[in-house]
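Here's the letter readout for the chains.
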Amino acid sequence: MHHQPVLLVIAHGSRDPRHAATVHALVRRVRSLRPGLRVETGFLDFNVPSAHGVLESLAAEGVRDVVALPLLLTRAFHAKADIPAVLRDAPRRLRIRQAEVLGPSPLLLSALERRLYEAGLTPADKSSTGVVLASAGSTDPEAIAVIADIAREWWHTGWCAVRPAFASAGSPAGFPRTEDAVRELRELGCSTVAVAPYVLAPGFLPDRIARGAAGADVLAGVLGPAPEVARVLLERYDAARAPMPTALGA
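Residues numbered from 1 in each chain as written. Predicted model: local features only at pLDDT ≥ 70, side-chain atom pairs only at ≥ 80, totals over all residues. Heavy atoms only, no water.

How should the pairing of strand S5 (residues 129-135) be read in this particular structure?
One face of the sheet, then the other: side chains in a regular strand alternate in exactly this way. Taking burial as the measure, the seven residues of S5 include seven buried ones, the bulk of the element. The two faces of S5 match: Thr129, Val131, Leu133 and Ser135 on one face and Gly130, Val132 and Ala134 on the other face are all buried. Across seven bridges, S5 lies against strand S7 (residues 192-198) in parallel orientation. Looking at S7, one finds that Val132 is bridged to Val195. One ladder, built from six bridges, connects S5 with strand S6 (residues 161-166); its direction is parallel. Looking at the pairing, Ser135 lines up with Phe166 of S6. (Buried < 20%, exposed > 50% of the residue type's maximum accessible area, 1.4 Å probe, protein only. Helix = DSSP H or I, 4+ residues; strand = E, 2+ residues; numbered from the N terminus. Pairing = 2+ DSSP bridges.)

Even after reading the chapter, I still don't get the layout of surface pockets, so can you show me in this structure?
One way to see where empty space is left: roll a probe the size of a water molecule over the atoms. Quantified by volume, the largest pocket comes out at close to 880 Å³. Around the largest pocket, the lining is made up of 38 residues, and of these His12, Leu72, His78, Ala136 and Leu205 lie nearest the centre. Sorting the residues of the lining of the largest pocket by element identifies helix H1 (17-33), helix H3 (77-88), helix H5 (141-155) and helix H7 (204-212) as the ones contributing at least two each. With four residues, H1 is the largest single contributor of residues to the lining of the largest pocket. When the residues that make up the lining of the largest pocket are grouped by side-chain class, the tally is 23 nonpolar, 13 polar and two charged. (1 Å grid on protein atoms, 1.4 Å probe; cavity = no way out; pocket = protein on both sides within 12 Å on 5 of 7 lines; lining within 4 Å. Points joined across faces, edges and corners; volume = space filled by probe spheres on them. Nonpolar A, V, L, I, M, F, W, Y, C, P; charged D, E, K, R; others polar.)

Any chance you could explain the sheet that holds S6 here in plain terms?
Paired through their backbone hydrogen bonds, the strands of a sheet run either parallel or antiparallel. Judged by pairing direction, the sheet is parallel, and its four strands sit side by side in the order S6-S5-S7-S8 without closing on themselves. The open sheet has two edge strands, S6 and strand S8 (218-219), and neither has a second partner. In terms of strand pairing, S7 meets S8 through two bridges, oriented parallel. Residue pairing for S8: Val195 is matched across the bridge by Leu219. Of the strands in this sheet, S5, S7 and S8 touch helix H4 (residues 106-118), which is tilted by about 130 degrees from S7. (Contact = heavy atoms within 4.5 Å. Axes fitted to C-alpha atoms, helices over the stretch in contact; angles between N-to-C directions.)

Explanation requested: the nonpolar core in the structure shown.
Side chains of a nonpolar character, in soluble globular proteins, are inclined to be buried together. Membership of the largest hydrophobic core comes to 50 residues, with the highest contact counts inside it found for Leu102, Leu116, Trp154 and Val229. Beyond its immediate sequence surroundings of up to four residues, Leu116 is in contact with Leu121, Val131, Trp154, Trp159, Ala194, Val195, Ala196, Val218 and Ala220. Core analysis: the next-biggest nonpolar cluster, separate from the first, contains 19 residues, Leu55, Val66, Leu72 and Val101 among them. (Core = buried A, V, L, I, M, F, W, Y, C linked by side-chain atoms within 4.5 Å.)

Can you walk me through H3 in this structure?
Between its first and last C-alpha atoms H3 spans 16 Å; for twelve residues at 1.5 Å apiece the expected length is 16 Å, and the two agree. Among the residues making up H3, those that are buried are Ala79, Ile83, Pro84, Val86 and Leu87. Down the axis, H3 shows its buried residues gathered within 155 degrees of arc, on one side only. For H3, the exposed residues lying more than 90 degrees away from the buried face are Phe77 and Arg88. Contacts made by the buried residues of H3 are with strand S1 (6-11), helix H2 (51-61), strand S3 (65-70) and strand S4 (95-98). (Expected span 1.5 Å × (residues − 1). Arc of directions from axis to C-beta.)

Explain the environment of Leu69 here, please?
Secondary-structure assignment places Leu69 in strand S3. Residue class for Leu69 comes out buried when judged on its relative accessible area of 0%.

Mind showing me how you'd approach H4 here?
Three- or four-residue spacings in an α-helix give side chains the same orientation, since the helix completes a turn every 3.6 residues. Compared with an ideal rise of 1.5 Å per residue, which puts 13 residues at 18 Å, H4 spans 19 Å between its outermost C-alpha atoms and is within 8% of the ideal. Along H4, the residues that are buried comprise Leu107, Leu108, Leu109, Ala111, Leu112, Glu113, Arg115 and Leu116. Against the buried residues of H4 lie S5, H5, S7, S8 and helix H8 (227-241). Gly120 lies just past H4 and shows a positive phi near 125 degrees.

The values reported here are purely geometric and, on their own, carry no functional implication.
Here is the structure:
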C-alpha cells in the first residue's frame, strides 16, 4: 500500500507563546484542507517538540518518507544552514526531502491583501494607499532582494506605492525601518499609509514592526493561519514529493 510522505512543518520557535499558538493554528488549517495528510510540527528553538525529536519519533514508528517544510518566507540562514543541519542529523532510515520556503508566491500577496482589508481598507482604497511591506529583515542578500522584488510586484497591482522595510537591527545599514518607510510614503503624498507585516507569527520583531507603524493609518495583522498561507504549504509539499524528471538519454 502506498503511503504519502509525512509533512513536517519546521518553525523557528520563540519565547513568545503567541508564536507557537499561531504555528499550530496554521497547521490545523493545512490538515483541514487535506484531511488524509499527516502533518507534524517541530521547532528549531525555544518550543517543543523539537524538529529533531519529531524526526526521531517518526523513525521509531516506522515512517520512511518525510517532506520537511521550512516555515519561512525567504531563503536565508535558517533555510540554508540550520534546517539542513537538523535533517543531516536525522535517523538514517528516513528518506527526507526539504521543501522550498514559502515565498515568494502570489498566494502570499493575496494573504497580505486579506489582512489589510480585515484591518479596514477596501479594494477601492488601493490607488490612494501607500503600503509598507514590513519584513523581519535579514543580512542575506538573496532574502533582501526577494523582499524588494515582492514590493515592486505588489506595487504593480495598483497601490499608490509599496516600500519594503526591515525590523531586524541585523539588516544592512541604509535599509529602511518601518517608521522610515511610513514617513517616506507620507512625503510621497499617499493619502493613506498602511503597514503590512510580511511575517508569519507574532513575536519580538513583529512587535517592533507594530511600534514602527505608530504613524500609519492602518496596521494589518500577521499572515498567521490565513487560508492562502495554508495553500502555499501544500503547494510546496506537493512540489517536494513530486518525482524528479528523468534526464534525456538517461
